[in-house]
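# Working through the structure, step by step
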Amino acid sequence: METRRNWFTYIYLTFFGIFVCYSLFGGILNIGVSTKYPFLWYGGILLAMGGLWLISNSAAIILSHFDIYRFRLRSRIPGTIAEAVIIAAVILAAGAVRIWIIRYLPVQPQSDFQTYYNVADLLAKGTLKRDGAGYCDYISQFPHVIGYPYILSLIFKMFGASVTTGLHFNLAVSLLSVFFVNRIARLVCGRAAGVLAMVLAAFWPSQVLFINQMASEPLFTCLSLLCIWITAYLFSPSSSDRDIRIFVLNILLGIMLAVAGGVRPVSVVLLIAIIVCTITYKAGNAEASNTKAGLIKTCMARGWIRAIFLLAGFLICSQLISGATARAIDRKLPGTTVSFGYNLMVGLNVEAKGAWNEQDAKFLNDRFIETGSAVEAHKASLEQALKRINEDPEGIANLLFQKYALLWANDDYGSYWNLLFMEQQHNLTPERKEFINSVAIWNNIYYIICVYMSLIAGIFLWFRKKAGTVHILVLYFVGIAFLHMVVESQSRYHYSILPVFAILAAVGAAEIFRFHRHWEEQSCGSQSEAAGLEHENRLIGEQLSKKQEHGIEESKAPVFTGKDKNTAAGNRFDMLDAIQKGHVTVTVTEAYLKEKEEKLKEDNKE
């Protein structure tokens, strides 16, 4: 199958390039702010980026020149076994590093993380309504708060409620996310890209540091990557003949997106990205558009029909989740038209730079107490947000770009939350502080390099004729970037995009190699074609020279009559005559033939 490019493709690719360049610019400036020699860091980062470009291109040239990519084993089994061993080794190593972080940097849940843990504990005990009235009120205002605790409560019922159990659950889903990254990149760019993306995601420093927090981000990221993997399979040529499976997977994809939305509402951005690319789907074979191929196969050959089934699964499952949430807390939930009111109000708070603040939190709580309704509280917040736009449009416009820089110019959320909570809990030793700060510095370098390689991927995507899974990743990032320029934002909200950068970085490396391989093949093809043409021209020249010699001898020889047609001279093969009559075809130009023929006539006249 394939998806068609259109004018909208170039629009979001342009925004992707602008956003990524802005991230690189802000990241390079941010990394040297707190250092003694900031310009040394700036120069070092730029040199590292240039060196990475030279190394990657040099490696690609060497691999392409020696045709290493053509090496194939007689059987696929050794390659499959080697790939499985590498995947298992990376996952085990990533798990070991995360377990060490959990033990070396112990943190007790606080703030939102404590809310998640307490709600999960109450759900596991079945006492949320009786003992958690305050939590029920809070969930009625923000329904997604119950998503992660509900899934966590199922784990608590099996293994017991404890912080360790919750952290190990986050560990498991984070390792599963690493596996999904490998599968996605493998479908997009092959085995090598899959392994590279997997390694980048497995050892991303900020995600490793964040594993000791009772956060919902690891679960949401895992569900999002699962949805992207399903989409990548649906976009792959191997799925074109499996009509029933495609039908089921499209509905399942909508359901999984709804489940992810129950954990974090931003899954709707991924839903939109998938639908946009799915609508442009084009069947890969002619039978798919033939009604004799079967009803399901005919329907699944049309992208807009696939999108309808996907959307139907999402909407139905979302309604079921909302109904179950309302029954679990015995409260009325706000509709989708007003549920974003508070987040928009916070996101447009110029003084707080679009982040959570006590003033807006108190405003929402006061309106909720006054009206007793989450719907009315969000409506009041929405009115307050619109009022802020009218009062200070220039300040709001400035805030949008400031918020983008605050969210994407660094990757400090892992170190920030560890330092904050460990200091509050009085277990931040000098050794731990030094370790976290050193990891934070190298983490930002890691982040900048991956964003830089993602930019290279975006440049290559601009010239690629077909769209596909990679374009979903680009749209997902662009959508999240736009969304958090408007609504509430903080550094950890880009957690789910980091695996996307890992995949795009691997795509960028793979595209560099493909470019040089294609150039090498074209170069070799041109040389072989030129050599073949030269060889053919030499043969023709020899034939025409022989024709010339025979013409001179013929002028000195006696004249044969019509009765002598069976003699050697009468049976002599005329190469030029055969070429002109079309009996012999050679790859030379007409000009070359005319030139030789004219020279031959002049010689014969002489």
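Once a new chain begins, its residue numbering starts again from 1 and follows that chain's sequence as written. Residues qualify for local features only when their pLDDT is at least 70, as the model is predicted, and side-chain atom pairs are given and counted only at 80 or more; totals for whole chains, interfaces and linings, by contrast, use all residues. For side-chain calculations, the full set of non-hydrogen atoms in the structure is used, while hydrogens and water are omitted.

### Examining helix α4 (residues 112-125)
Elements are defined by DSSP. Helices are runs of H or I of four residues or more, strands are runs of E of two residues or more, and each kind is numbered from the N terminus. A helix's residues, less one, multiplied by 1.5 Å, set its expected span. Spanning 14 residues, α4 covers 20 Å between terminal C-alpha atoms, matching the ideal 20 Å at 1.5 Å per step. Remark: G126 follows α4 within two positions and exhibits a positive phi of approximately 75°.

### Digging into the pattern of salt bridges
Salt bridges are identified by distance alone: a Lys or Arg side-chain nitrogen within 4 Å of an Asp or Glu carboxyl oxygen. All chains considered together, the criterion is met by 14 salt bridges. Between D112 and R492 there is a salt bridge whose closest N-O contact spans 3.3 Å. Here D112 is found in helix α4, whereas its partner R492 is found in the loop between α22 (469-486) and α23 (498-556), with 380 residues between them in sequence. With a closest N to O distance of 3.3 Å, D121 and K125 form a salt bridge. In this pair, D121 and K125 are both assigned in helix α4, four residues apart and thus about one turn of the helix distant. Here D121 falls in the buried class, since its relative accessible area comes to 17%. Burial classification: accessible surface area is computed with a 1.4 Å probe over protein chains only, and a residue below 20% of its type maximum counts as buried, one above 50% as exposed, and the rest as partly exposed.

### Some points on unusual backbone geometry
Within the chain, K353 stands out as a residue other than glycine whose phi angle is a positive 60°. Since its relative accessible area comes to 43%, K353 is described here as partly exposed. Located in the positive-phi region is H426, a residue other than glycine, with phi close to 60°. Tracing the backbone shows H426 in the loop between α20 (413-424) and α21 (430-463).

### Structural notes on a nonpolar patch on the surface
Each patch is built from residues that are more than 30% exposed by relative accessible area and take part in no salt bridge. Like charges join if they lie within 9 Å; nonpolar side chains (Val, Leu, Ile, Met, Phe, Trp, Tyr) join within 5 Å. Note on areas: these come from Shrake-Rupley sampling with a 1.4 Å probe, and a residue is covered only by the protein chains present in the view. A contiguous nonpolar patch, built from W7, F8, I11, F15, I18 and F482 and spanning about 580 Å² of accessible area, is present on the exposed surface. Top contributing element to the nonpolar patch by residue count: helix α1 (residues 7-31), with five residues. With respect to the secondary-structure elements, W7 resides in helix α1.

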